[in-house]
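Structure assessment
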Amino acid sequence: ITVVDLVEKKVAGEIPTPGCWGAMPASSHPTRFSMLCGDGKVATVTLDDKGGVADRQLSAKLFDADLDPWFHAAEHIGDRWFFMSFKGVLTELDLAGATAREVSSKSIVAAADARQGWRPGGYQAFAVHPGGKHAVVAMHDKGREGSHKLPAKQLWTVSLESGKKLSTAPGQGTASLTFARS
């Protein structure tokens, strides 16, 4: 990660991120960001005033990148970050602190749907409503290893609190979702 001093208009530093990728900024802390790591942990880096590393923490293992990896395209409301796994497990993390903390984790795929192989898919496979009560997920049936980029046959609206499917709509080949902020 390259840190740039916007006042001086120059590079302030380079932050090595071995085994980790992306940058998810903490809304409540202007010099903190987190990254997903291949070992299933989340690294959180807090910068000092000069753009160097003041602190780096690793969470507990939060997902298994071999058995059920997470889509990297996450959604957030403030410091509440939502991740979807390839098999349909919705996990909420709190990224406000020095270490990422799991708030909840639940499958959005009921047993009957799992037997039909329903899984999320696409490039931005889900979107969290700005009100924080539900998400819309691009879903396809007959899911298998490698099907995580397939477009939607159905769009599922799910409760963020319970993970239960609230409604479905035709997917019409949707591969990316977002909500417009009003």
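In what follows, the accompanying structure is described.

Quick notes on the rules
Every chain begins its residue count from 1, and numbering advances along the sequence as written. Selection of residues for local features in this predicted model requires a pLDDT of at least 70, selection of side-chain atom pairs for listing and counting requires 80 or more, and totals for whole chains, interfaces and linings are taken over all residues. By convention in this description, side-chain values take in all heavy atoms of the structure and omit both hydrogens and water. Each helix is a run of DSSP H or I of at least 4 residues and each strand a run of E of at least 2, with the numbering of both proceeding from the N terminus. It is over C-alpha atoms that the radius of gyration is taken, and the globule rule equals 2.2 Å times the number of residues to the power 0.38. Between buried and exposed lies partly exposed: a residue is buried under 20% and exposed over 50% of the maximum accessible area for its type, with that area taken using a 1.4 Å probe on protein chains only. Contacts between residues were defined by any pair of non-hydrogen atoms, one from each residue, lying within 4.5 Å. Only the protein chains shown count as covering a residue, and every accessible area follows the Shrake-Rupley method with a 1.4 Å probe. Note on charges: Lys and Arg go in the positive column, Asp and Glu in the negative column, and His and the chain ends are not counted at all. Every charge is mapped to an atom, namely NZ of Lys, CZ of Arg, CG of Asp or CD of Glu. Basic side-chain nitrogens of Lys or Arg form a salt bridge, by our definition, when they fall within 4 Å of a carboxyl oxygen of Asp or Glu. Strands were regarded as paired on the criterion that DSSP finds at least two bridges between them. Only the stretch in contact is used when a helix axis is fitted, and all axes are lines through C-alpha atoms; the angle between N-to-C directions ranges over 0 to 180 degrees. Aromatic pairing here means that ring centres of Phe, Tyr or Trp (its six-membered ring) are within 6.5 Å. Orientation follows from the plane angle: under 30 degrees is stacked, over 60 is edge-to-face, and everything else is tilted. In plain terms, two cysteine sulfur atoms within 2.5 Å form what is called a disulfide here. We call a set of buried residues a nonpolar core when its members are Ala, Val, Leu, Ile, Met, Phe, Trp, Tyr or Cys and they connect through side-chain atoms within 4.5 Å of each other.

Looking only at helices and strands, the protein has one helix and 15 strands in total. For 182 residues, the compact-globule formula gives about 16 Å, and the C-alpha radius of gyration of the protein, at 17 Å, lands near that figure. When the backbone C-alpha atoms are referred to their principal axes, the protein occupies close to 55 × 40 × 25 Å. With 182 residues in all, the protein has 44% of them scored as buried. Across the protein, the fraction of contacts at a sequence separation of at least 24, relative to all contacts at a separation of at least 6, is 39%. Summed over all atoms, the accessible surface of the protein reaches about 9500 Å², with 54% contributed by carbon and sulfur. Here the protein holds 21 positive side-chain charges and 19 negative ones, and the gap between their average locations is 7 Å.

A separate point is the pattern of salt bridges. Applying the stated criterion across every chain yields a total of five salt bridges. Here lysine 165 and aspartate 113 are joined by a salt bridge, their closest N and O atoms 3.1 Å apart. In this pair, lysine 165 is assigned in strand β15 (residues 165-170) and aspartate 113 in helix α1 (residues 111-115), connecting sequence segments 52 residues apart. Residue class for aspartate 113 comes out buried when judged on its relative accessible area of 13%.

It is worth spelling out the sheet that holds strand β6 (residues 53-58) at this point. Pairing is antiparallel in the open sheet, where four strands are placed in the order β3-β4-β5-β6. At either margin of the open sheet sits one strand with a lone partner, and together these are β3 (20-25) and β6. Averaged over all pairs of adjacent strands, the angle between their axes in this sheet comes to 25°, without regard to strand direction. Relative to strand β5 (residues 42-47), strand β4 (residues 32-37) is paired through five bridges, and the arrangement is antiparallel. Its bridge partner lying in β5, serine 34 is registered against threonine 44.

The next subject is the packing of aromatic side chains. To describe a pair of aromatic rings, one takes the distance between the centres and the angle between the planes. Overall, the coordinates contain four aromatic pairs when judged by the stated rule. Centroid distance phenylalanine 63 to tryptophan 70: 4.4 Å. Interplanar angle 25°. Geometry classified as stacked. For tryptophan 70, a relative accessible area of 7% translates into the label buried. With a centroid separation of 4.8 Å and an interplanar angle of 20°, the aromatic rings of tryptophan 70 and phenylalanine 83 are classed as stacked. Of the two residues, tryptophan 70 is situated in the loop between β6 and β7 (75-77) and phenylalanine 83 in strand β8 (residues 80-84); the sequence distance between them amounts to 13 residues.

Moving on, we come to the state of the cysteines. Here, the word disulfide means a covalent bond between the sulfur atoms of two cysteines. Inspection of every chain in the model, using the stated rule, returns one disulfide. Two residues share a disulfide in this structure: cysteine 20 and cysteine 37, whose sulfurs sit 2.0 Å from each other. Disulfide cysteine 20-cysteine 37: torsion about the S-S bond near 95°, hence right-handed. Here cysteine 20, found in strand β3, pairs with cysteine 37, found in strand β4; they are 17 residues apart in sequence, far enough to count as distant. Under the relative-accessibility criterion, cysteine 20 is labelled buried at 11%.

Before going further, it helps to spend a moment on the environment of proline 30. When you line up the elements, proline 30 lands in the loop between β3 and β4. Between the C-alpha atoms of proline 30 and leucine 155, which are 125 residues apart in sequence, the distance is 35 Å.

For the rest of this paragraph, the subject is the nonpolar core. With 17 residues, the main nonpolar core has Met84, Leu90, Ile108, Phe126, Val137, Met139 and Trp156 as its most contacted residues. Going through the elements one at a time, β8, β12 (126-128), β13 (134-140) and β14 (154-159) are the ones with two or more residues in this core. The element that contributes the greatest number of residues to this core is β13, accounting for three residues. If sequence neighbours within four positions are ignored, methionine 139 has contacts with Ile108, Val109, Trp118, Arg119, Pro120, Pro151, Ala152, Lys153, Gln154 and Trp156.

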